[in-house]
Amino acid sequence: MLRFSGGKITVIANDGKEVHPVSVHRMIIAVSETYDVVVTLPENMSYEFQATAEDRSGTTSLWLGEGMPISLSPLPKLN
């Protein structure tokens, strides 16, 4: 699952093909899928773009922007 602490993620292409832009709070992608996305970075902040394993066993993050960090709240563990 992909999430962004700066707001919505706008999907503009899937597997190399343009799509009608769709804005989402989070998105689930499968192995080998590719997406082109757009995020907006307000000034003076650093936003977390996070990928979470489907079973929520781990995450990795990329920080975008400069300034005060705006992080995401952890997703709850699955039963």
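What you see is a predicted model; the values in this text were computed from it and never measured.

### Topic: the overall build of the protein
For the protein, the helix and strand inventory stands at zero helices and eight strands. Beginning at the N terminus, the succession of helices and strands in the protein can be written as β-β-β-β-β-β-β-β. Oriented by its inertia axes, the alpha-carbon framework of the protein measures out at about 35 × 35 × 15 Å. Out of the 79 residues belonging to the protein, those deemed buried represent 23%. Pairs at least 24 apart in sequence give 40% of the contacts found in the protein among residues at least 6 apart. When the accessible surface of the protein is totalled, it reaches about 5700 Å², and 54% of it is carbon and sulfur.

### Examining the environment of V24
By the element assignment, V24 lies in strand β3 (residues 17–24). Take V24: its relative accessible area is 22%, and that puts it in the partly exposed class. Sequence spacing of V24 and P69 is 45 residues, and the spatial spacing of their C-alpha atoms is 21 Å. With near-sequence residues (within four places) excluded, V24 lies in contact with K8 and I9.

### A short note on unusual backbone geometry
Of note in this structure, D15 is not a glycine but carries a positive phi near 50°. Among the residues examined, D15 registers a relative accessible area of 44% and is labelled partly exposed.

### Observations regarding the packing of aromatic side chains
Any aromatic ring pair is given by two values, namely how distant the centres are and how the planes are angled relative to each other. All told, the structure shown has two aromatic pairs when counted by the stated rule. Measuring from centroid to centroid gives 5.8 Å for F4 and Y47, while their planes differ by 50°, and the two rings are tilted. Placement of the pair is F4 in strand β1 (residues 2–4) and Y47 in strand β6 (residues 45–52), with a sequence separation of 43 residues. A residue is classified by how much of its surface remains accessible, and F4, at 4% relative accessible area, is buried. When the ring of F4 is compared with that of F49, the centres are 6.1 Å apart and the planes differ by 50°; the resulting orientation is tilted. Of this pair, F4 sits in strand β1 while F49 sits in strand β6, placing them 45 residues apart in sequence. Three or more aromatic residues joined by ring pairs form one cluster here, namely F4, Y47 and F49.

### Examining the side chain of R3
Of note, R3 is situated in strand β1. Despite its burial, R3 pairs with no opposite charge; the closest candidate is E48, at 6.4 Å N-O. In terms of polar contacts, R3 uses its side chain to reach the backbone carbonyl oxygen of S73, at 2.9 Å. Those residues in contact with R3 that sit more than four places away from it in its chain are I9, H25, R26, E48, F49, Q50, L72, S73, P74 and L75.

### Some thoughts on the nonpolar core
It is characteristic of soluble globular proteins that their nonpolar side chains tend to be buried jointly. Judged by nonpolar contacts, L2, F4, I9, V11, M27, Y47 and F49 together constitute the single largest core of seven residues. Beyond its immediate stretch of four places on either side in the chain, F49 contacts L2, R3, F4, I9, V37, V39, T60, S61, L62 and L64.

Conventions and cut-offs
- Residues numbered from 1 in each chain as written.
- Predicted model: local features only at pLDDT ≥ 70, side-chain atom pairs only at ≥ 80, totals over all residues.
- Heavy atoms only, no water.
- Helix = DSSP H or I, 4+ residues; strand = E, 2+ residues; numbered from the N terminus.
- Buried < 20%, exposed > 50% of the residue type's maximum accessible area, 1.4 Å probe, protein only.
- Contact = heavy atoms within 4.5 Å.
- Areas by Shrake-Rupley, 256 points an atom, 1.4 Å probe, with all protein chains shown as cover.
- Phe/Tyr/Trp six-rings, centres within 6.5 Å; stacked < 30°, edge-to-face > 60°.
- Lys, Arg positive; Asp, Glu negative; His and termini not counted.
- Salt bridge = Lys/Arg side-chain N within 4 Å of Asp/Glu carboxyl O.
- Polar contact = N/O pair within 3.5 Å; in protein donor to acceptor, adjacent residues only side chain to side chain.
- Core = buried A, V, L, I, M, F, W, Y, C linked by side-chain atoms within 4.5 Å.

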